[in-house]
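# Inside the fold
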Amino acid sequence: MKLNHIGIAVEDMEAARKLYGEVMGFKVGEPEHLVDRGLVVCFVDVGGANVELLYPTDPESAVGKFLAKKGPGIHHLCYEVDDVQAKLDSLKASGVRLLNETPMPGAHNTLVAFVHPKSVGGVLTEFCQPK
Ligand code: CMX
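Overview of the structure.

What counts, and where the lines are drawn
- Residues numbered from 1 in each chain as written.
- Predicted model: local features only at pLDDT ≥ 70, side-chain atom pairs only at ≥ 80, totals over all residues.
- Heavy atoms only, no water.
- Phe/Tyr/Trp six-rings, centres within 6.5 Å; stacked < 30°, edge-to-face > 60°.
- Helix = DSSP H or I, 4+ residues; strand = E, 2+ residues; numbered from the N terminus.
- Buried < 20%, exposed > 50% of the residue type's maximum accessible area, 1.4 Å probe, protein only.
- Contact = heavy atoms within 4.5 Å.
- Salt bridge = Lys/Arg side-chain N within 4 Å of Asp/Glu carboxyl O.

## Some thoughts on the packing of aromatic side chains
- Within the structure shown, the criterion is met by one aromatic pair.
- Both rings, one in Tyr79 and one in Phe127, keep their centres 6.0 Å apart while their planes meet at 40°; by these two values the pair is tilted. Remark: Phe127 occurs in strand S9 (residues 125–130) and Tyr79 occurs in strand S6 (residues 73–80); sequence separation between them is 48 residues.

What follows is the structure, encoded as structure tokens:
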């Protein structure tokens, strides 16, 4: 198990890409529009793990609501596992509140699932499995 990415909610994707690329000097990928989730995501290679910039195209999406309530900043952590369904089953058995009972397709050819922040110390937590 390892850290795959840190999701960061941004108010302006182009400004954020410039900040991470030109100003901080990281390798910034191309934005990917996840239409069904009302979201544009963009991965930044920060060495070993990634930063995932998150820009909501829909104010009613999870990230849209987060931005309105808390403003820009860290939105979630994502851990990579070999078998996301097995991880969900074991978390559920331990009493952790799942937001997804079964994994769904995520960005970059992965299967992903989320766990409610209130059941894991206030941090929205995602698990992903490369397909
Ligand atoms: N990190 C920590 N706490 C968070 C949070 C976050 N990102 N988002 C919401 N919360 C907190 C709220 O502040 C609130 O706390 P208080 O009650 O103390 O004010 C509580 O969680 C609200 O919980 P809720 O009423 O059950 O749910 P919301 O409608 O606010 O939705 C959440 C929150 C996490 C359930 C919802 O955003 C969700 O289902 N997220 C998973 C999917 C997601 O975030 N997708 C975008 C990521 C990118 C991708 O899809 O790849």
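## Quick word on the environment of Val123
- Structurally, the position occupied by Val123 is in the loop between strand S8 (110–115) and S9.
- On the basis of relative accessible area, Val123 is assigned to the partly exposed category, the value being 34%.
- Separated by 80 residues in the primary sequence, Val123 and Phe43 have C-alpha atoms spaced 20 Å apart.
- Residues contacting Val123, with those up to four places away along its chain left out, are Leu77 and Pro117.

## Considerations on the pattern of salt bridges
- According to the stated counting rule, one finds three salt bridges in the structure shown.
- In this structure, Glu14 engages Arg17 in a salt bridge whose closest nitrogen and oxygen atoms are separated by 3.3 Å. Of this pair, Glu14 and Arg17 both sit in helix H1 (residues 13–23), three residues apart, which is roughly one turn of the helix.
- Residue classification places Arg17 among the buried positions, given a relative accessible area of 16%.
- With a shortest N-O distance of 2.9 Å, Lys92 and Glu101 are connected by a salt bridge.
- Three or more residues are tied together by salt bridges with common partners; here these are Glu14, Arg17 and Glu30.

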